[in-house]
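Structure assessment
Single-letter residue listing:
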Amino acid sequence: MAIIERPADAPAVIGEPAASPPALVTPTAALGVFKRPVSTTGWKSWVFTVDHKRLGIMYGAVSLFFFLVGGSEALLIRLQLAAPDNTVLNADLYNQMFTMHATTMVFLFVMPMAAAFANYLVPLQIGARDVAFPRINAVGFWLFLFGGLFLNSSWFLGGAADGGWFMYSPNSSPLYSPSHGIDFWLLGLLITGIASLVGAINLIVTIINMRAPGMSLMRMPVFSWMQLVTQFLLLFAMPVITVALFLLSFQRSFGAAFFDVDKGADPLLWQHLFWIFGHPEVYIIILPAFGIVSETLPTFARKPLFGYKFVVFSGCAIGFIGWGVWAHHMFASGLGPVSVAVFSAATMMVAIPTGVKIVNWTLTLWGGKLWFTTAMNFSIGMIVLFTIGGLSGVTHASAPADTQQTDTYHIVAHFHYVIVGGAVMGLFAGFYYWWPKIFGKMLNERLGTWNFWLMFFGVNLTFGPMHILGMQGQPRRMVVWPTKLTGEGFFNLGFWNEVATIGSFTIALGVLLFVINIFITTKKGAKAPLDPWDARTLEWLTASPPKEHNFDSIPTVHALDEFFHRKYEEVDTDAGPRLVKVKSGEELLAIEEAAGDTHIHLPSPSYWPIVLALSLPVIAYGIIFNRMLSIVGLAILVLALFGWTLEPSVADDTDYDPPVEGSGPTKELASIG
């Protein structure tokens, strides 16, 4: 690492001419291709950026796009099931649709959207100016984007994967799925898995090493805590699914026999590998939403989070116990009574720390001065819907009940209540809560209220009936249900399938209002106040949107909810001690700017992360279609690695950004290798 400070004769004000700084000679100065890009503007400032905030915004934008793609796939599935003997989708396309719907929602929306919030907010919440590895962070985003595009390009290159998001063997073998759809699925998830892995390493190091002075772990916001637990889950879970994907890819592409019964292998090996990853994956999905709700409820209840330490340690307990429950997905596979009993007990046990969180959230609301903003509505809605999903999930800890319900729509109802009712509703709470911080504008609250109620009722209309359908025996992955199975009265399959379809379009209408809200806010939205919610945590101690360097001076933390304690003091009154607001957010920001640091170092932009990320899809296309293309991709990969290594670690004079007028202290651009 090399850091160069701005020369003393650099301009202090925009427009002021600067004397020519001394020439800086580097060993690689003659290698033009390896020269670091200068500070950029326009689209290049986004493509070459290593700023965690811009990368967080790009994560969010791409994730939202894939959310719309996955949602469209869900609507086609529900249209197919809306009536008996329907022909909206043929059987082959239906298999592709439900496979890609689940894959898109899990790997291309919920996980990366949580990463979007983490990238943007964690450094701000812990009082840091950046993440630990800015360029690795950029690689993670571009790998996610290219991996997602590669995965969905299968629609146009012979058909998408059709083996379900779990890809059980032998259905995933070339014998039963001879097209390249599953190959795209395997290689696409390998690429996005690398993105998740490097992102996890980056955030773990950032949280452990870069917290502001005085911020002990027990003073860290709950959102950052839940992200830390999530990143550790990713760190240990992603290698497991990576091994499984490699094995199946080698079996399909090179004739290996890891899961082939005819050659003496065991297809249950795939199930164990997949679910050892797949059940921690559930908590990878839900814990960030738990963190969001743990931030919004205290703010809008106007009181501290009840049982902060219990909420933190219950999140850690969920992450730990979650590793011991994977085989409850396999109760119907003949594991034996001892294994079934152990995993049943572990599944029941993991409900305990989850219940602790729900109790603490409820007690946070109890006695509070509740402010029912859209973010608050989504947070409460998340608690209600997740509790419904959790209660139906507890029934699956009982092996006899689970065996009877396996592969029915009762299971579909359960995990959609958890994922849509839990994770997605929590993410929407985060959208409305942090939008003014990220973009400096308030989302429309009236549209937001309609957005919430349509999604809340839509979730119940869609997935509530699926409990009934499942108990009546409607199997998962059934492309048509014949008229003779319609039934009568309350147990009429046709009626409940129609209700579920209406519910799915109700959710879609709610999401459409959110998209409209974004466009209206972008074009006509008024500037948001600096502290619109009277918030509690450090990300609100800086400008909205934050400056490139986040904080003019690194804050020193003295308490949990540091920002709140800087605004309020306890004053004795006739009625007893009470909190009185003594400073506004604007006043606190002015104090921070006045005490700003004189030397602020930021990483320089780089195009090598995008080049490196681009090489992997090229290699993957080569594996599927032409091995020579893989050689080209490998050459790009080697070039990117050398370029990254040889990129000058000392900036020349063109690398310096002019200071932003009115932004406090002089801002320098530096190089972090």
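This one's a predicted model, so the numbers in the text were calculated from it and none came from an experiment.

**Looking at the packing of helix H7 (residues 268-301) against helix H10 (residues 374-395)**
- Two numbers describe how H7 lies on H10: the axes approach to 9 Å, and their chain directions differ by 130 degrees. Between H7 and H10, the interaxial angle falls into the category oblique. Judged by the twist between their axes, the crossing of H7 over H10 is left-handed. Facing H7, whose interface residues are Ile-286, Ala-289, Phe-290, Val-293, Thr-296, Leu-297, Phe-300 and Ala-301, H10 presents Ala-375, Met-376, Ser-379, Ile-380, Met-382, Ile-383 and Phe-386.
- Grouping the amino acids of the contact of H7 with H10 by side-chain chemistry returns 13 nonpolar, two polar and no charged.

**Details of the environment of Phe-150**
- Along the chain, the position of Phe-150 falls in helix H4 (residues 134-152).
- Measuring from C-alpha to C-alpha, the distance between Phe-150 and Ile-191 comes to 9.1 Å, with 41 residues separating the pair along the chain.
- Apart from residues lying up to four places away in sequence, Phe-150 is in contact with Phe-184, Leu-187, Gly-188, Pro-617, Ala-620, Tyr-621 and Ile-624.

**Let's talk about the packing of H4 against helix H17 (residues 608-624)**
- It is the contact of H4 with H17, at a shortest axis distance of 8 Å, that shows an interaxial angle of 30 degrees. One way to sum up the angle between H4 and H17 is to call them roughly parallel. Crossing geometry of H4 relative to H17 is assigned as right-handed. Residues Arg-135, Ala-138, Val-139, Trp-142, Leu-143, Phe-146 and Phe-150 of H4 pack against Pro-609, Ile-610, Leu-612, Ala-613, Leu-614, Leu-616, Pro-617, Ala-620, Tyr-621 and Ile-624 of H17.
- Here the residues of the contact of H4 with H17 are counted per class, giving 16 nonpolar, no polar and one charged.

**What about the packing of aromatic side chains?**
- Under the defined criterion, the tally for this structure stands at 56 aromatic pairs.
- Ring centres 5.7 Å apart and planes at 85 degrees place the aromatic pair Phe-259 and Trp-270 in the edge-to-face group. Within this pair, whereas Phe-259 is found in the loop between helix H6 (222-254) and H7, its partner Trp-270 is found in helix H7, the two being separated by 11 residues in sequence. Just as Phe-259 is buried, Trp-270 falls in that class too.
- Plain terms: the ring middles of Phe-456 and Phe-457 are 5.8 Å apart, the flat faces sit at 75 degrees to each other, and that makes the pair edge-to-face.
- When its relative accessible area of 47% is taken as the criterion, Phe-457 is described as partly exposed.
- In this structure, Arg-54 packs its charged tip against the face of Trp-46, placed 4.3 Å from the ring centre.
- Cation over ring: Arg-536 sits above Phe-564, and NZ or CZ is 4.0 Å from the ring centre.

Conventions we followed
Residues numbered from 1 in each chain as written. Predicted model: local features only at pLDDT ≥ 70, side-chain atom pairs only at ≥ 80, totals over all residues. Heavy atoms only, no water. Axes fitted to C-alpha atoms, helices over the stretch in contact; angles between N-to-C directions. Helix = DSSP H or I, 4+ residues; strand = E, 2+ residues; numbered from the N terminus. Parallel < 35°, antiparallel > 145°, perpendicular 65-115°, else oblique. Left-handed = near helix turned anticlockwise from the far one by under 90°. Contact = heavy atoms within 4.5 Å. Nonpolar A, V, L, I, M, F, W, Y, C, P; charged D, E, K, R; others polar. Phe/Tyr/Trp six-rings, centres within 6.5 Å; stacked < 30°, edge-to-face > 60°. Buried < 20%, exposed > 50% of the residue type's maximum accessible area, 1.4 Å probe, protein only. Lys NZ or Arg CZ within 6 Å of the ring centre and 35° of its normal.

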